[in-house]
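So the chains spell out like this:
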Amino acid sequence: MKKTPVTLALATAIALGLPGCAMFKGTDQNGAATATASDKAAGASRFRFNYDVSNRAGVGVLRAFDDRTSTIIQFVDLERQNPAIYDSKGKTLPYNRMGQYAIVSGLHPWLAVTVLGEQAIVTNNGYDAADPAAQVSALRASETESAAKLAATEAELERAKKELAQVQAQLAQRDADTEAINRQLDVIETRINGLAAKLVRVPFGFDSTAFKPSALMSAWLIPAAQKAQQVNIIGHTDAIGTTTANQKIATGRALAARAYLVQNGVPANKIRVSGKASGDFIADNTTEAGRAKNRRVDIELIGHGSTSTVAVK
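Rules of the game
- Residues numbered from 1 in each chain as written.
- Predicted model: local features only at pLDDT ≥ 70, side-chain atom pairs only at ≥ 80, totals over all residues.
- Heavy atoms only, no water.
- Helix = DSSP H or I, 4+ residues; strand = E, 2+ residues; numbered from the N terminus.
- Buried < 20%, exposed > 50% of the residue type's maximum accessible area, 1.4 Å probe, protein only.
- Contact = heavy atoms within 4.5 Å.
- Areas by Shrake-Rupley, 256 points an atom, 1.4 Å probe, with all protein chains shown as cover.
- pLDDT = per-residue confidence, 0-100.
- Core = buried A, V, L, I, M, F, W, Y, C linked by side-chain atoms within 4.5 Å.
- Expected span 1.5 Å × (residues − 1).
- Pairing = 2+ DSSP bridges.
- Axes fitted to C-alpha atoms, helices over the stretch in contact; angles between N-to-C directions.
- Right-handed = clockwise from strand over helix to strand, strands pointing away.
- Lys, Arg positive; Asp, Glu negative; His and termini not counted.
- Salt bridge = Lys/Arg side-chain N within 4 Å of Asp/Glu carboxyl O.
- Polar contact = N/O pair within 3.5 Å; in protein donor to acceptor, adjacent residues only side chain to side chain.

Let's shift gears to the overall build of the protein chain. In terms of helices and strands, the protein chain carries 8 helices and 15 strands. Residue burial in the protein chain is summarised as follows: out of 313 residues, 34% are buried. Of the contacts formed within the protein chain by residues at least 6 apart in sequence, a portion of 65% connects residues at least 24 apart. Looking at the protein chain as shown, the accessible area adds up to about 18200 Å², and 56% of this sits on carbon and sulfur atoms.

With 73% of its residues at a pLDDT of 70 or more, the protein chain has an overall mean of 79. Below a pLDDT of 50 lies the segment residues 19-36, which in the model reaches 39 contacts outside its immediate sequence neighbourhood of four places, other chains included.

Among the nonpolar cores identified, the biggest contains 21 residues, and Phe211, Val231, Ile233, Leu261, Ile299 and Leu301 are the most heavily contacted of them. Broken down by secondary-structure element, the contributors of at least two residues to this core are β11 (197-203), α6 (215-227), β12 (230-236), α7 (243-263) and β14 (296-302). At 5 residues, the largest contribution of residues to this core is made by α6. With 19 residues, the next largest nonpolar core counts Val53, Ala64, Phe75 and Ala102 among its residues.

Bringing α7 into the picture now. Taking 1.5 Å of rise per residue, 21 residues should cover 30 Å, and α7 covers 30 Å from first to last C-alpha, within 8% of that figure. Regarding α7, the residues found buried are Asn246, Ile249, Ala250, Gly252, Arg253, Ala254, Ala257, Tyr260 and Leu261. Those residues of α7 that are buried lie in contact with α6, β12, β13 (271-276) and β14. Looking one or two places after α7, you find glycine 265, whose phi comes out positive at around 90 degrees.

On to the sheet that holds strand β8 (residues 101-105), then. Two orientations exist for strands paired in a sheet by backbone hydrogen bonds: parallel and antiparallel. The antiparallel open sheet is built from 4 strands, whose spatial order is β4-β5-β8-β7. Edge positions in the open sheet fall to β4 (61-66) and β7 (96-98), since each of these has one partner strand only. Taking each pair of neighbouring strands and ignoring which way they run, the sheet shows an average axis angle of 20 degrees. As defined by bridge partners, β7 adjoins β8 across 3 bridges and the pair is classed as antiparallel. Bridge pairing in β8 links arginine 97 to alanine 102.

In this section: the sheet that holds strand β9 (residues 110-115). Within the open sheet, the 4 strands sit side by side as β3-β10-β9-β6. Their pairing is antiparallel. Each edge of the open sheet carries a strand with a single partner, namely β3 (51-53) and β6 (84-86). Strand-to-strand twist in this sheet, taken as the mean axis angle between neighbours without regard to direction, amounts to 20 degrees. As defined by bridge partners, β6 adjoins β9 across 3 bridges and the pair is classed as antiparallel. Note that in β9 the partner of isoleucine 85 across the bridge is valine 113.

All right, on to the pairing of β13 then. Relative to β13, β12 runs parallel, the two being bridged by 6 bridges. Residue pairing across strands places isoleucine 233 opposite valine 273, the latter belonging to β13. Regarding topology, α7 serves as the crossover connection from β12 to the parallel β13, and that connection is right-handed.

Right, let's talk about the pairing of β9 for a bit. Side-chain direction in a regular strand flips from residue to residue, so the side chains alternate between the two faces of the sheet. Relative to strand β10 (residues 118-124), β9 runs antiparallel, the two sharing 6 bridges. Bridged to tryptophan 110 within β10 is threonine 123.

Among the secondary structure elements, lysine 270 is positioned in the loop between α7 and β13. The side chain of lysine 270 is buried and forms no salt bridge, while glutamate 300, the nearest opposite charge, is found at 14 Å. Of note is the side chain of lysine 270, whose polar atom sits 3.1 Å from the backbone oxygen of alanine 225. Setting aside its immediate chain neighbours within four residues, lysine 270 contacts Ala225, Gln226, Lys227, Ala228, Gln229, Gln230 and Val231.

Here it is as structure tokens:
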């Protein structure tokens, strides 16, 4: 028979004095063979004896142990007993024979041994830790799985970082666009506020330069003129008479309005005056009613608010 590494190891162990040889000195209270101190020392580096066997006497089993790769069962007379060995799933296991020893490949949590209708159960008490090679393999598999999970997590983290960077870039661009739009709106608003004006029209009697707004108009005009950035006053006539006379009257009306505003707290440095002898009529100048409307001053309040016209009747 060709010797496997297990049988060679067992043969070496027997030569060193393991059970079944000269150094196998006695039995325990159940009739199982016991090893001497020399026995244990010789097999300590490879063989493990943490097995229980039920019904030893019924099947003729002395004891069981393993060499970390195979399970070994020692019989009183293996050839005569010719046992059948099953695993935990009921599968018949083949085994090699060497003297009293049945050598089953692999490590098992338990084995059933049947001899002539009798059965014994061989229990491996250290099965969970019995296979260092399996433990190393499981550890490496766990490490590989952990490494794979870590790599996947890192890849997902990188993807998340890129997505975050894209969103931040989009938000930054949006903020920049919004800021640019706001700046444009500010410029437009400033222009609107600067250009917006309220146009106040105060009428005059024929050939008169007396500025006499109503009490209601004064109550509104004076604070509005004080708040305005600039006040433009333009005097107008109905163009009846000579141009020289009308120009003097138009200018006089504008100056009268200026004097009124200054007297009521409007800074003189923001008031501009001018007179227009003819033209810019706002009504039909061929009728008396139309000419009465054309005799007026236009007071333009720059930077006051939205454009509108207020007329005093």
